[in-house]
Amino acid sequence: MTIHILTVLPELLQSPLSHSIMKRAQDKGLLTVYVHPLRKWAVNEYGQVDDYQYGGGAGMVMMPEPLANAIEELSKDKPFDEIIFLTPDGETLNQKIANNLSLKENLLLICGHYKGIDQRIREKYVTKEISIGDYVLSGGELAAAVLVDAVGRLIPGVLNNETSALTDSFQDNLLAPPVYTRPAEWRGLKVPDILLSGHTAKVEEWRYEQAVERTKQRRPDLLED
Ligand code: 6GU
């Protein structure tokens, strides 16, 4: 999978995607991430990519021309499967959306800044608008990093048995059960006996019950659909 990211703050996206599972995905050649500074397509020598909003009001808006030129240049070799705008008024990201995106070949992520991007770009090019939750970030970069991580780890071959997505929270709409490691007794607190029993089927049954119980307690909304 190839993911292109358009941003006014490329520095913000370097480090979060260079470690752990995201690093392995890229080292294995399963994921390639290109971070493009939008100022490369600025309309003047000052690097301008934003302007005042029509109708007045505080806050700048990202201009259509730099974004359009960037999108058109980056689409030339290979059209994008999705052009995604990261914005708090988008559809809230969940595991199902991440699963679907992990099957795509070529994605473009556009990070919004200031008051957002000119509406005409959203209508002409953007195919999907995604938010990562009901709170406001200063820009779309951290949201883009979250999306790349959530999607990248699901690309076939990225996770091994140890890091398998099959036992994650939200897979099957259930939260993950509690986990324990050595020692079996720590400061008087014991690991549940069943986990030490060596009885795989019983362990799986216990984990399933715990997952259901935890989901009932914390996220009953997940059990509704
Ligand atoms: Cl995608 N962008 C911004 N700026 N804030 C957010 C968000 C995105 N998702 C949640 N809050």
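Residues numbered from 1 in each chain as written. Predicted model: local features only at pLDDT ≥ 70, side-chain atom pairs only at ≥ 80, totals over all residues.

A.B. asks: What is the right way to look at the sheet that holds strand β7 (residues 128-131) in this model?
C.D. replies: The strands making up a sheet are joined through hydrogen bonds of the backbone, oriented either antiparallel or parallel. What the five strands build is an open sheet, ordered β2-β1-β6-β5-β7; its pairing is parallel. Strands with a single pairing partner mark the edges of an open sheet, and in this sheet they are β2 (32-37) and β7. Averaged over all pairs of adjacent strands, the angle between strand axes in this sheet comes to 30 degrees, irrespective of strand direction. By the bridge criterion, six bridges tie strand β1 (residues 2-7) to β2 in an arrangement that is parallel. Bridging from a neighbouring strand, threonine 2 pairs with threonine 32 of β2. Sheet strands in contact with helix α6 (residues 141-152) are β1, β2, β5 (82-92), β6 (106-111) and β7, and its direction is about 155 degrees off that of β6. (Pairing = 2+ DSSP bridges. Helix = DSSP H or I, 4+ residues; strand = E, 2+ residues; numbered from the N terminus. Axes fitted to C-alpha atoms, helices over the stretch in contact; angles between N-to-C directions. Contact = placed C-beta atoms within 7 Å.)

A.B. asks: Would you take a moment to explain α6 for this structure?
C.D. replies: Residues that lie three or four places apart on an α-helix share one face, since the helix turns once every 3.6 residues. Taking 1.5 Å as the rise per residue, α6 with 12 residues should run 16 Å; its terminal C-alpha atoms sit 16 Å apart, in good agreement. Listed as buried for α6 are Glu141, Ala143, Ala144, Ala145, Leu147, Val148, Val151 and Gly152. (Expected span 1.5 Å × (residues − 1). Buried ≥ 20, exposed ≤ 12 C-beta atoms within 10 Å, placed from the backbone.)

A.B. asks: What should I look at first to understand the domain arrangement of the protein chain in this one?
C.D. replies: Think of interface size as the accessible area that goes away when the parts come together; that is how it is often given. Here the domain parsing of the protein chain yields domain 1 (2-152) and domain 2 (169-224). Using only C-alpha atoms to locate each centre, domain 1 and domain 2 end up separated by 37 Å. (Domains from an automatic or database assignment.)

A.B. asks: Explain the site of the ligand here, please?
C.D. replies: With respect to spatial proximity, 13 residues lie near the ligand, and among them Leu86, Pro88, Ser131, Leu137 and Ala143 are the closest. Here the shell around the ligand takes three residues from β5, the largest share from any one element. Residues of the shell around the ligand, tallied by class, amount to seven nonpolar, six polar and no charged. (Near = placed C-beta within 6 Å. Nonpolar A, V, L, I, M, F, W, Y, C, P; charged D, E, K, R; others polar.)

A.B. asks: Before we go on, may I ask you to explain unusual backbone geometry in this structure?
C.D. replies: Excluding glycine, most residues fall at negative phi; most peptide bonds, likewise, are trans. Of note, the amide linkage connecting arginine 182 to proline 183 takes the cis form, showing an omega dihedral of 0 degrees. Within the secondary structure, proline 183 is located in the loop between α6 and β8 (185-186). A positive phi is found at serine 20, a non-glycine position, where the angle reads about 55 degrees. With phi around 60 degrees, asparagine 173 is a residue other than glycine that occupies positive phi space. By the element assignment, asparagine 173 lies in the loop between α6 and β8. With 17 C-beta atoms counted inside 10 Å, the residue asparagine 173 sits in the partly exposed group.

A.B. asks: Teacher, can you tell me more about the UniProt feature "binding site: S-adenosyl-L-methionine" (unreviewed entry) in the protein chain here?
C.D. replies: The UniProt feature table records "binding site: S-adenosyl-L-methionine" (unreviewed entry) at Gly112, Ile132, Gly133, Asp134, Tyr135, Val136 and Leu137. Within the secondary structure, aspartate 134 is located in the loop between β7 and α6. Locating tyrosine 135 in the fold gives a position in the loop between β7 and α6. (UniProt positions renumbered as here; feature names shortened; annotations may be inferred.)

A.B. asks: Can you walk me through the nonpolar core in this structure?
C.D. replies: A general feature of soluble globular proteins is that nonpolar side chains tend to end up buried together. Judged by nonpolar contacts, the single largest core of 42 residues is most densely connected at Ile5, Ile84, Leu86, Leu108, Leu109, Ile110 and Ala144. Contributing elements (two or more residues each) for this core: β1, β2, α3 (64-75), β5, α4 (95-101), β6 and α6. Sort the elements by how many residues they give to this core and α6 lands first, with six residues. Residue contacts for leucine 109: discarding those within four places in its chain leaves Ile3, Ile5, Ile84, Leu86, Ala144 and Leu147. (Core = buried A, V, L, I, M, F, W, Y, C linked by C-beta atoms within 7 Å.)

A.B. asks: For this particular structure, what's the right way to read α3?
C.D. replies: The end-to-end C-alpha distance of α3 is 16 Å, a good match for the 16 Å that 12 residues give at a rise of 1.5 Å each. Within α3, the full set of buried residues consists of Pro66, Leu67, Ala70 and Ile71. The buried residues of α3 occupy an angular sector of 125 degrees when the element is viewed end-on, so they sit on one face. Away from the buried face of α3 by more than 90 degrees, exposed residues Glu72 and Glu73 are located. (Arc of directions from axis to C-beta.)

A.B. asks: Just checking my understanding: could you explain the environment of leucine 137 for this structure?
C.D. replies: Mapping leucine 137 onto the fold places it in the loop between β7 and α6. A tally of 16 C-beta atoms within 10 Å means that leucine 137 is categorised as partly exposed. Along the sequence, leucine 137 and threonine 87 sit 50 residues apart, while their C-alpha atoms lie 9.2 Å from each other. Non-local contacts of leucine 137, meaning those with residues more than four positions away in its chain, are made with Leu142 and Ala143.

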